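Structural features, examined
So you can see what is in the structure, the chains are spelled out below.
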Amino acid sequence: MPLSDLQNGSDVRGVALALPEGKPVNLTPAVCGRIAAAFVRWLAGKTGKAPSALRIGVGHDSRLTAELLKKAALSGIAAAGAAGLDCGLASTPAMFMGTVFEETGFDGSIMLTASHLPKERNGMKFFTPDGGLDKGDITALLTLAEEEREPAGHFGEGEKTPLMERYTAHLREKIMEGVQKGETPLAGLHIVVDAGNGAGGFFASRVLEPLGCNCSGSRFLEPDGTFPNHAPNPEDKTAMEAIRSAVLESGAHLGLIFDTDVDRMSAVLPDGTEVNRDAIIALAAAILAPNHPGGIIVTDSVTSDRLTAFLEKNLGLVHRRFKRGYKNVINEMIRLNNEGKDCPMAMETSGHGALRENYDLDDGAYLAVKLVVALARHGELGSLIADLPPAVEEAERRIPVLGVDFQEKGAAALAAFQRRAEERGLPLAPTCEGVRLTTDMGWMLLRQSLHDPLLPLNVEGNAPGDGKKLLTLAGELLAELPGLDLSVLE
């Protein structure tokens with residue numbers, strides 16, 4: 001198998017655990033070691049340093065294969081002549097911050113995670129002080145890894161490094177600076193945390209509680225790579241219901257939920273209102289807006305017209321819809337700021353939220369800190385998004401494109417979809433990907449998946465029944481086009 005098959009955009013992901021009737025393992029310890037060794041070569045070329053001068057941190061989430069792959073990565077780093085630092089259980093944002101903190105001083109870092117994917121999966125994310133590697137960097141890295149051999153012999157475990165101690169201290173410092181109420185600025189607040197048995201339990205025990213917060217009623221803080229309670233994913237309905245129940249049962253002022261590696265988060269208000277997707281973008285933007293009048297908020301392409309109206313009319317901001325993919329929205333934020341524009345945040349509906357003030361890093365824990373500070377200062381958060389209308393009807397359908405030439409067929413279907421919409425006089429809305437229609441019934445976006453034989457369709461209706469009407473309209477615009485399975489629209 002070519003190692004390029006493991007590329008997933010700006011990450012490496014594969015099957016690391018053999019399960020009965022499961023897919024074959026392709027992210028083996030040997031492969032992980034080769035990729036880690038290649039990262040040393042890649043980083044030496046980027047920095048101009050000799051491998052022996054490089055310090056590379058390795059951390060992991062709670063997955064069952066974490067320890068095995070960590071040892072393999074540390075061996076690969078050592079075999080390539082660099083120093084590998086064992087960071088143990090960590091979050092993805094903390095691994096980046098290891099390149100920022102003077103105390104750790106990493107030249108680069110590797111996080112072993114597959115985000116919210118099932119337990120048999122694992123992966124690798126890579127960081128330098130400039131941020132996460134981009135898609136092209138991963139392609140180059142895997143090309144180098146093809147030339148690497150499996151590290152021979154035993155190279156040690158790597159020096160233990162207390163990265164999470166420094167990182168959690170950093171988050172506590174940010175809360176204290178923001179609230180400015182002494183050593184226990186969160187006294188009197190009750191916040192519950194759901195870590196989904198991933199790596200995020202530290203936020204309750206090592207960030208909130210030392211500052212006086214009551215975290216009783218928190219759930220699933222213990223790391224467990226079987227993920228026995230729910231998928232560690234703020235987009236998962238069962239996961240959101242779990243944190244919602246925890247808030248209502250404990251009478252908490254706020255609920256926070258993280259994904260496995262803590263680069264995503266969502267929230268729940270005291271009355272059980274779920275603050276995710278458009279709402280979490282709106283809440284974070286409302287917190288930032290007073291310091292960024294006229295600032296630009298970058299989001300992915302599937303955000304709603306409701307969100308645009310709230311950002312622009314209620315908050316006085318500018319909404320920039322961009323392509324899906326957390327690296328895409330982050331890179332667009334960086335581009336805008338480099339042009340001298342004020343763009344304080346880029347955020348996907350998935351909960352990936354990156355702030356300019358925080359090294360352009362999508363850090364779920366840092367975003368949670370912003371919510372906690374706002375709660376401590378104002379006593380509640382609901383009023384900040386009270387003018388954001390709730391969604392009435394939302395739906396996503398992933399339309400299969402049949403045949404090996406699915407990219408050509410998908411592109412042709414998109415073109416026909418747009419042409420037919422124009423012929424019917426339907427209003428097209430500006431978009432950076434796909435075709436977006438805004439009608440009296442609501443809006444829809446049809447786009448082409450980059451890697452899969454699919455045309456994802458998102459619709460949002462303005463009134464009960466409008467969602468179904470929009471799906472019917474999409475079916476009419478796509479009817480009888482070759483290579484499409486429209487049964488998902490029925």
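Higher on the page you've got the structure.
Residues numbered from 1 in each chain as written. Predicted model: local features only at pLDDT ≥ 70, side-chain atom pairs only at ≥ 80, totals over all residues. Heavy atoms only, no water.

**Details of the nonpolar core**
Counting residues in hydrophobic clusters, the biggest one holds 71 residues, and the most contacted among them are Ile175, Phe203, Leu208, Leu256 and Leu371. With 11 residues, the single largest contributor to this core is helix H11 (residues 364–378). Apart from residues no more than four positions distant in its own chain, leucine 208 is found in contact with Ile175, Leu186, Ile191, Val193, Phe203, Cys213, Cys215 and Val372. If you look at the next biggest cluster of nonpolar residues, it comprises 34 residues, including Leu27, Val31, Val40 and Ala72. (Core = buried A, V, L, I, M, F, W, Y, C linked by side-chain atoms within 4.5 Å. Buried < 20%, exposed > 50% of the residue type's maximum accessible area, 1.4 Å probe, protein only. Helix = DSSP H or I, 4+ residues; strand = E, 2+ residues; numbered from the N terminus. Contact = heavy atoms within 4.5 Å.)

**Here's the deal with the sheet that holds strand S9 (residues 191–194)**
Ordered in space as S9-S10-S11-S12, the 4 strands form an open sheet in which the pairing is mixed. Edge strands, defined here as strands with exactly one partner in the open sheet, are S9 and strand S12 (274–275). Sitting on the sheet, H11 touches S9, strand S10 (254–258) and strand S11 (265–268), and the angle it makes with S10 is about 175 degrees. (Pairing = 2+ DSSP bridges. Axes fitted to C-alpha atoms, helices over the stretch in contact; angles between N-to-C directions.)

**Quick notes on the pairing of S9**
A two-sided burial pattern is seen for S9, the buried positions comprising Ile191 and Val193 on one face and Val192 and Asp194 on the other. Of the pairings in the sheet, the one linking S9 to S10 comprises 4 bridges and is parallel in character. Within S10, the position partnered with isoleucine 191 by the bridge is leucine 254.

**Some remarks on the sheet that holds strand S16 (residues 353–355)**
Strand order in the open sheet formed by 5 strands is S14-S13-S15-S16-S17, and the pairing between neighbours is mixed. Unpaired on one side and paired on the other, strand S14 (318–321) and strand S17 (361–362) mark the two borders of the sheet. Sheet analysis places strand S13 (residues 296–299) next to S14, joined by 4 bridges and oriented parallel. The partner of threonine 299 across the bridge, within S14, is arginine 321. Each of S13, strand S15 (345–347) and S16 touches helix H8 (residues 278–288); the most contacted strand, S15, lies at about 175 degrees to it.

**Points about helix H9 (residues 305–314)**
In an α-helix, one turn spans 3.6 residues, which is why side chains three or four residues apart end up on the same side. Within the sequence span of H9, burial applies to Arg306, Leu307, Thr308, Phe310 and Leu311. Against H8, S13, S14, strand S18 (393–400) and strand S22 (454–461) lie the buried residues of H9. At the N-terminal end of H9, a side-chain oxygen is found 3.3 Å from the backbone nitrogen of arginine 306, two or three residues along, and the residue is serine 304. Positive backbone phi, approximately 70 degrees, marks glycine 316, located one or two places after H9. (Polar contact = N/O pair within 3.5 Å; in protein donor to acceptor, adjacent residues only side chain to side chain.)

**Focus on helix H4 (residues 135–146)**
When the terminal C-alpha atoms of H4 are compared, their 17 Å separation across 12 residues agrees well with the 16 Å that a helix rising 1.5 Å per residue should span. The elements touched by buried residues of H4 are strand S1 (7–8), strand S2 (11–15), helix H1 (29–47) and strand S6 (121–128). (Expected span 1.5 Å × (residues − 1).)

**Some thoughts on the packing of helix H5 (residues 163–179) against H11**
The geometry of H5 relative to H11 is characterised by a closest axis approach of 9 Å and an angle of 30 degrees between their N-to-C directions. Between H5 and H11, the angle falls in the class roughly parallel. As H5 packs across H11, the resulting crossing turns out to be right-handed. Residue-level contacts link Tyr167, His170, Leu171, Lys174, Ile175, Gly178 and Val179 of H5 to Ala365, Tyr366, Val369, Val372, Val373, Ala376 and Arg377 of H11. Within the contact of H5 with H11, the residues separate by chemical class into 10 nonpolar, 2 polar and 2 charged. (Parallel < 35°, antiparallel > 145°, perpendicular 65-115°, else oblique. Left-handed = near helix turned anticlockwise from the far one by under 90°. Nonpolar A, V, L, I, M, F, W, Y, C, P; charged D, E, K, R; others polar.)

**Looking at the pattern of salt bridges**
For side chains of opposite charge, pairing can occur when their charged atoms come near one another. By the definition in use, this model includes 34 salt bridges. For the salt bridge of glutamate 146 with arginine 34, the shortest nitrogen-to-oxygen distance reads 3.9 Å. With glutamate 146 in helix H4 and arginine 34 in helix H1, the pair connects residues that are 112 residues apart, well separated along the chain. The class for glutamate 146 is partly exposed, based on a relative accessible area of 38%. Taking relative accessible area as the criterion, arginine 34 reaches 18% and is therefore assigned buried. With a shortest N-O distance of 3.5 Å, aspartate 278 and arginine 306 are connected by a salt bridge. A residue pair is termed long-range when its members are at least 10 positions apart, and aspartate 278 in helix H8 and arginine 306 in helix H9 qualify at 28 residues. (Salt bridge = Lys/Arg side-chain N within 4 Å of Asp/Glu carboxyl O.)

**Section: unusual backbone geometry**
The general pattern is negative phi for most residues beyond glycine and trans for most peptide bonds. The backbone phi angle of glutamate 21 is positive, close to 65 degrees, even though this residue is not glycine. Relative to the helices and strands, glutamate 21 resides in the loop between S2 and H1. The backbone of phenylalanine 220 shows a phi angle near 55 degrees, a positive value even though the residue is not glycine. By secondary structure assignment, the location of phenylalanine 220 is in the loop between helix H6 (202–208) and helix H7 (237–250). Take phenylalanine 220: its relative accessible area is 24%, and that puts it in the partly exposed class.

**Some thoughts on the packing of aromatic side chains**
For the coordinates displayed, the defined rule picks out 6 aromatic pairs. Each ring, one from phenylalanine 39 and one from tryptophan 42, has its centre 6.1 Å from the other, and the planes form 15 degrees; the classification is stacked. Within this pair, phenylalanine 39 and its partner tryptophan 42 are both found in helix H1, separated by 3 residues, close to a single helical turn. Here phenylalanine 39 falls in the buried class, since its relative accessible area comes to 0%. Residue classification places tryptophan 42 among the buried positions, given a relative accessible area of 14%. A ring pair is formed by tyrosine 167 and phenylalanine 202, whose centres lie 6.0 Å apart and whose planes are at 65 degrees; its orientation type is edge-to-face. A residue pair is termed long-range when its members are at least 10 positions apart, and tyrosine 167 in helix H5 and phenylalanine 202 in helix H6 qualify at 35 residues. Each member of the pair, tyrosine 167 together with phenylalanine 202, is buried. One aromatic cluster in this structure is built from Phe39, Trp42 and Phe126. Stacked on the ring of phenylalanine 101, the Lys or Arg arginine 166 has its end atom at 4.2 Å from the ring centre. Note that arginine 436 overlies the ring of tryptophan 443, its terminal NZ or CZ placed 4.0 Å from the centroid. (Phe/Tyr/Trp six-rings, centres within 6.5 Å; stacked < 30°, edge-to-face > 60°. Lys NZ or Arg CZ within 6 Å of the ring centre and 35° of its normal.)

Keep in mind these values describe shape, not function.
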